[in-house]
Each structure stands twice: as structure tokens, then as C-alpha cells.
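Chain by chain, the residues run as shown.
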Amino acid sequence: MRALAIAGANLKRFLRERSNIFFVFILPIGIVLLIGAQFGGDPPARIGAYVADESDPVAVDVIELLDDPRTFDSEAALIAAVERGDLSAGVVLPAGLRSGLVSGDPPAISFVARPDGQGPQFRAVVERAVAVASIEPGAVGWAVSQGAEMATAEAAVATARSTVRPIDVTTVTAGSALFPADLGRFDIGASSQLVLFMFLTGLTGSAALIQTRQLGVSRRMLASPTRVSTIVLGEALGRFLVVLTQGLYIIAVTAAGFGVDWGDPLGAFALLVVFSAVGAGAAMLAGSLFRNDQQAGSVGVVAGIGLAALGGSMLPLDLFGDTMQVVARLTPHGWANLGFNELVIRNGGIGDIGLELAVLAAMAAGLLLVASWRLRRVLTR
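These figures come from a predicted structure and were not determined experimentally. (Residues numbered from 1 in each chain as written. Predicted model: local features only at pLDDT ≥ 70, side-chain atom pairs only at ≥ 80, totals over all residues. Heavy atoms only, no water.)

(A) Structural view of the overall build of the protein. A tally of helices and strands in the protein yields 17 helices and 4 strands. Taking the intrachain contacts of the protein between residues at least 6 apart in sequence as the baseline, contacts between residues at least 24 apart amount to 74%. For the protein, the exposed surface amounts to about 19800 Å²; the carbon and sulfur share of it is 61%. (Helix = DSSP H or I, 4+ residues; strand = E, 2+ residues; numbered from the N terminus. Contact = heavy atoms within 4.5 Å. Areas by Shrake-Rupley, 256 points an atom, 1.4 Å probe, with all protein chains shown as cover.)

What follows is the structure, encoded as C-alpha cells:
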């Protein structure tokens, strides 16, 4: 119970620190948003459509020519999807397209697109699809305007279509894509930044452990009927709760706000727990090695960012060369990113990340054992 009380006090202290509001809760989400907006891949359904009358032949032809875009139940929902970045562009097909083309007064077709990425380029794609779908009803309307009967005009257009041989176009993609087409634009950035900030928060949080020793809190606890092992366990649990809290926060906010798919929930939570233990062990070790919090904070930032870069949190591991792939596996970040890649990119489950969990658990156990031994010596000398 005393160990839990020590851990709870550490968590409260962490949450009450005002600087943590920005660096721990706001900055990670901002970087995920920035990476997704600037470097994220194209949305799964790049063009969307709202069809007011699904039985209209012209609207049916436009949808087919656009290669079955993602459809919406309302114009507002389509526009919202484009605004969020789920789509690059969208088209609104109103009712009465065919009848309007035949009568010579077609309704207006709306096109919406994001100003960045491929959004503006899709306007030409939509204009071509509308132009092709409008040829036959436009021909019927012209014939009627010249005095032909409606039935005669439609029969003539149908005969002309049957005599024209269509051109078959086959598209072949060479090679294979590194990332699946349905991968969200924020998915890779969210998992890599989760790993970076959890470990960084753990290392920089070691300053609180040093301050506890400097302020004499540890000595006062030792003067009470509290064993050294209880203090060490409480401090370790405190660091673990701090790192885990940030990890859960990032996952919850990115899933709710950016639609990030973290894959198998059980696998994601297992990775989160073992990596939190790694971060706690690193924080304990740093807190027992350095004499003041300035040293711990400075070294923690450099070490955290350096290990993150080597472990694939700055650049996806799939883009690493063979040598850097080996180097990445020497860091806990590399194994954590491998695990999240399996869950997020390849839709794996907890059974597919058994090796990653085992390696991270071994790293956590090693760090916590060495850190506990070192902290015990520091507290009792």
C-alpha cells in the first residue's frame, strides 16, 4: 500500500506540473497533426460523392467512371469528410441530371476539394467523367431541339452506341507498395510519435526522482517505518504510471480526433504496457545516475531523440537500409515501432507481435533491475 501511495504521489506531482500540459499533452498531438498533414499518404477513398437521385442514369455513369468513389448520405457529410482530410475531393450530383440535359437546362454540379495534395487535380477527372456521361442525353436533347421525336432520338443514340467499339485500357502497377492503400494519413505518424514521446517523458521525468533526493523526501521516508525496497518499488510504479498515462492519452486523442486505427486493441495495450515499463526503467536508471535534475533533463532529451531517430520514430522503419534495420533493433524504439507497424500497417494481432513483446519485456526487466540496484545504493549510502 505504501508503494502505491508513493506511486500515486508521483503521478499527482506530474499532472500538477504546468509545463507538462504543453510538452506532454499538447506537443505530441500537434506533431502528429503536422506530420499527417504534411507527409501523410493519400486518404483511402480519394474522391467522394453525394448522389441525390441514385436512379439517374447520368449519375450512375459518373459514379462508374470515377471508379466507385466513397458515397455519402448528404452533401454536408461529404464536405465534412473533405475538410477533415478523409478525402481529397468530392462531387455533388443533384437530381434531374438526365432530364435537364435532354431539356437543355441541366442542374449545377458542385465540386469540392482540399487546396493541398491532389485535391485540385481531381477536378479534371470529375469534369471528364461528367462530360462522358453527358454525351448521350446531350445528343438526345439536341435531336429533340431539331424537331425529332423523343423515342426516335433515343433509338438513334442507342444504335450509335452499339456500333461504336469501346477502347479497353489496362493499368498495371509495377512492384509493390510499402504501405497499404487504406492506411490513414495519421496512422504511421501517430504510432511513431507515441513511442518517441513516451520514452522522452520517462527520461525527462527522472528529474523528479532526483529532486526527491535533493529535497530530502527520500531521507524522511527512510526515517519512517518504510523499507528501501518499498520506496524503490513506489518510485518505479510512479514512473510507470506517468509514461502509461501519456501513452493512453495519445492513443485516445488520436483515435477520437484523427481517426487513427491502432489495430488489435489487446495487442496495442500490451505494447503500451511493456514500453511504459521500458520508459520507467530508463527513468529510474537516469534518476539514480545523475546528481542534479539539469543534467538528467539535458541528457534525457538528447538520448530520447537520438534513440527515437535510430529506432524509426523519425523515419518509417520500412525505409531503412539493411544496416540501419539492424541498428534499430538495438533500441527499444525499434522493437516498439516494429510491433505497432504489425498492428497498424499489416493488421496483425497480439499473436503476431510475440517477439516484440518478449524483447521489450526483457529490456524493461533489465533496466528496472539495474536501476533498482543503483537507486537502493544511492538511498542507503
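Continuing now.
(B) Representation of the confidence of the model for the protein within the structure. Across the protein, the average pLDDT comes to 83, with 88% of residues at or above 70. Per-element confidence in the protein ranges from a low mean pLDDT of 66 for helix α11 (residues 217–223) to a high of 94 for helix α16 (residues 332–344). (pLDDT = per-residue confidence, 0-100.)

(C) Quick look at the nonpolar core. With 43 residues, the main nonpolar core has Leu194, Trp262, Leu271, Phe275, Phe340 and Leu360 as its most contacted residues. At the level of elements, α9 (187–204), α12 (228–258), α13 (265–289), α16 and α17 (354–380) are the ones that each hand at least two residues to this core. Looking at which element gives the most residues to this core, the answer is α13, with 11 residues. Look past the residues within four positions of phenylalanine 340 in its chain and what remains in contact with it is Ser191, Leu194, Val195, Trp262, Ala268, Leu271 and Ile345. Val51, Val58, Leu66 and Val126 belong to the second largest nonpolar core, which has 18 residues in total. (Core = buried A, V, L, I, M, F, W, Y, C linked by side-chain atoms within 4.5 Å. Buried < 20%, exposed > 50% of the residue type's maximum accessible area, 1.4 Å probe, protein only.)

(D) Local environment of a nonpolar patch on the surface. On the surface, a nonpolar cluster with roughly 420 Å² of combined accessible area is contributed by Val301, Ile305, Met314, Leu315 and Leu319. Checked against the element boundaries, leucine 319 lands in the loop between α14 (293–310) and α15 (322–328). On the accessibility criterion, leucine 319 (44% relative accessible area) is partly exposed. (Patch = residues over 30% accessible without salt bridge, like charges linked within 9 Å, V, L, I, M, F, W, Y side chains within 5 Å. Salt bridge = Lys/Arg side-chain N within 4 Å of Asp/Glu carboxyl O.)

(E) Quick look at the sheet that holds strand β1 (residues 47–51). Here we have 4 strands laid out as an open sheet, ordered β2-β1-β3-β4, and mixed in their pairing. The strands lining the two open edges of the sheet, one partner per strand, are β2 (70–72) and β4 (110–113). When strand polarity is set aside, the average angle formed by the axes of neighbouring strands in this sheet is 25°. Of the strand pairs in this sheet, β1 and β2 are connected by 3 bridges, and their pairing is parallel. Note on β2: the bridge partner recorded for alanine 49 is threonine 71. (Pairing = 2+ DSSP bridges. Axes fitted to C-alpha atoms, helices over the stretch in contact; angles between N-to-C directions.)

(F) Molecular detail of the packing of α13 against α17. Closest axis-to-axis distance for the α13/α17 pair is 8 Å, and the angle between their directions is 25°. What the angle tells us is that α13 and α17 run roughly parallel. For α13 against α17, the interelement crossing comes out left-handed. Here the residues of the contact of α13 with α17 are counted per class, giving 21 nonpolar, 2 polar and 1 charged. (Parallel < 35°, antiparallel > 145°, perpendicular 65-115°, else oblique. Left-handed = near helix turned anticlockwise from the far one by under 90°. Nonpolar A, V, L, I, M, F, W, Y, C, P; charged D, E, K, R; others polar.)

(G) Structural view of unusual backbone geometry. With a phi close to 55°, asparagine 347 is a non-glycine residue in the positive phi region. A relative accessible area of 54% places asparagine 347 in the exposed class.

(H) Molecular detail of the packing of aromatic side chains. If you walk through the whole model with that rule in mind, you get 4 aromatic pairs. The interplanar angle of 85° and the centroid separation of 4.9 Å between the aromatic rings of phenylalanine 25 and tyrosine 249 together place this pair among those described as edge-to-face. Here the residue phenylalanine 25 occupies a position in helix α2 (residues 18–39), and tyrosine 249 occupies one in helix α12, the gap between them amounting to 224 residues. (Phe/Tyr/Trp six-rings, centres within 6.5 Å; stacked < 30°, edge-to-face > 60°.)

(I) Quick peek at the side chain of serine 288. Within the secondary structure, serine 288 sits in helix α13. Among residues more than four places away in sequence, those in contact with serine 288 are Arg213, Ala371, Arg374, Leu375 and Val378.

(J) Broad picture of α14. With 18 residues, α14 extends 25 Å between its outermost C-alpha atoms, agreeing within 8% with the 26 Å of an ideal straight helix rising 1.5 Å per residue. Asp293, Ala296, Gly297, Gly300, Gly304 and Ala308 are the residues of α14 that are buried. Buried residues of α14, seen end-on, are gathered within an arc of 95° and therefore sit on one face of the element. Along α14, the residues that are exposed and aim more than 90 degrees away from the buried face are Gln294 and Val302. (Expected span 1.5 Å × (residues − 1). Arc of directions from axis to C-beta.)

(K) Fine view of helix α7 (residues 135–145). If you check which residues of α7 are buried, you get Pro137, Val140, Gly141 and Ala143. Across the axial projection of α7, the buried residues extend over an arc of 165°, all falling on one side. Residues Ile135, Trp142 and Ser145 are exposed on α7 and point more than 90 degrees away from its buried face.

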